[in-house]
Amino acid sequence: MHFPSRLAEASARHDSLLCVGLDPDPAKFPAGWKGDASRIHDFCARIVDATKDLVCAFKPQIAYFAAHRAEDQLERLMAYIRRVAPDVPVILDAKRGDIGATAAQYAREAFERYQADAVTLSPFMGFDSIEPYLGYDGRGLILLCRTSNPGGSDLQAQALADGSLLYEHIARLAAGPWNRGGRLGLVVGATFPQELARVRELAPTLPLLIPGVGAQGGDAAATVRAAWRPGAPIIVNSSRAVLYAGQGDDFASQARAVAESTRRELNAARA
């Protein structure tokens, strides 16, 4: 099944626009686990168990695993999610960007080693840097467009010769000639609601992965109003606010409470 279809089914089944980002930082783990990188899989698995019926997707960030030599734990986690939440698509947040044979190896990493349903990519080296990923039938490619960090403006808000901005050009390409097989999406930050609305205008049906709600300060209701439309999916990511909601033995139930509250807030905004 193509990624957009899996996403739509999970969103409908769980009545959710929420994606929980899995960014495990052992320094922030609850008491008793703090600083123990060998518990990365266990920590993330507890979060998955607590929230799997509340989300439309999970999004593990590969750097948080690789920095601790925990790629094997990421493999185990991906297999665990497929087993306990087979209806929930998993987006590997890797932000890869390279060309030719190297891109083919990154695609193999994402879709064969980790068995991700989708992967985040940097489009700034052009179409040939994302083309190898399209060889994996059904898998989603989510391109950086207007990111949530303040420094994103340094490049993404630059004007081109035709007067459009760079992020607008990326949105047009992703919604048009690059979208072979209908499997592209875009990353657009909740911290820029006006730009978010503009991307939705330029890419009226593409899935939008929207980081920045929660710890980064993005407004959940404004995000939904700017980007959600019937038939135009959004994936609103929250990582730290959910993962580190509690510091005791009940950290998973605290994470669930925050995820449930965020899901409710997002749903209220589309009513």
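Here, the structure is the one placed above.
First, a word on scope: everything that follows refers to the structure included in this document. Here the structure is a predicted model, which means the values were calculated and not measured.

**Looking at the pattern of salt bridges**
Overall, the coordinates contain 15 salt bridges when judged by the stated rule. One salt bridge in this structure joins Lys59 and Asp93, with 2.8 Å as the shortest N-O distance. Here Asp93 lies in strand β3 (residues 91-96) and Lys59 lies in strand β2 (residues 57-60), a separation of 34 residues in the sequence. The partner of Arg180 in a salt bridge is Glu131, and the shortest N-O contact between them spans 3.5 Å. One end of the pair, Arg180, is in the loop between α7 (166-175) and β6 (184-188); the other, Glu131, is in the loop between β4 (118-121) and β5 (140-146), and 49 residues separate them in sequence. Since its relative accessible area comes to 48%, Arg180 is described here as partly exposed. Classification of Glu131 as partly exposed rests on a relative accessible area of 37%.

**A word on the sheet that holds strand β1 (residues 18-22)**
An order of β2-β1-β8-β7-β6-β5-β4-β3 is seen for the 8 strands of this open sheet, with the pairing classed as parallel. Since the sheet does not close on itself, it has two edges, and those belong to β2 and β3, each with one partner. Neighbour to neighbour, the strand axes of the sheet diverge by 30° on average, direction disregarded. The sheet contact formed by β6 and strand β7 (residues 208-210) spans 2 bridges and is parallel.

**Observations concerning the nonpolar core**
With 77 residues, the main nonpolar core has Val20, Leu22, Phe43, Leu92, Leu186 and Leu208 as its most contacted residues. If you tally residues by element for this core, the top one is helix α2 (residues 40-51), at 7 residues. If we ignore the near neighbours within four places in the chain, the residues touching Val20 are Ile47, Thr51, Val55, Ala57, Phe58, Lys59, Asn237, Ser238, Val242 and Leu243. One finds Leu7, Ala57, Ile142 and Leu144 within the second-largest nonpolar core, a separate group that totals 12 residues.

**A word on helix α9 (residues 220-227)**
Of all 8 residues in α9, 6 are buried, a share of seventy percent or more. Those residues of α9 that sit buried are Ala220, Ala221, Thr223, Val224, Ala226 and Ala227. If you follow the buried residues of α9, they end up packed against α8 (193-202), β7, β8 (234-238) and α11 (251-269). Its side-chain oxygen at 3.2 Å from the backbone nitrogen of Ala221, Asp219 defines the N-terminal cap of α9.

Rules used throughout
- Residues numbered from 1 in each chain as written.
- Predicted model: local features only at pLDDT ≥ 70, side-chain atom pairs only at ≥ 80, totals over all residues.
- Heavy atoms only, no water.
- Salt bridge = Lys/Arg side-chain N within 4 Å of Asp/Glu carboxyl O.
- Helix = DSSP H or I, 4+ residues; strand = E, 2+ residues; numbered from the N terminus.
- Buried < 20%, exposed > 50% of the residue type's maximum accessible area, 1.4 Å probe, protein only.
- Pairing = 2+ DSSP bridges.
- Axes fitted to C-alpha atoms, helices over the stretch in contact; angles between N-to-C directions.
- Core = buried A, V, L, I, M, F, W, Y, C linked by side-chain atoms within 4.5 Å.
- Contact = heavy atoms within 4.5 Å.
- Polar contact = N/O pair within 3.5 Å; in protein donor to acceptor, adjacent residues only side chain to side chain.

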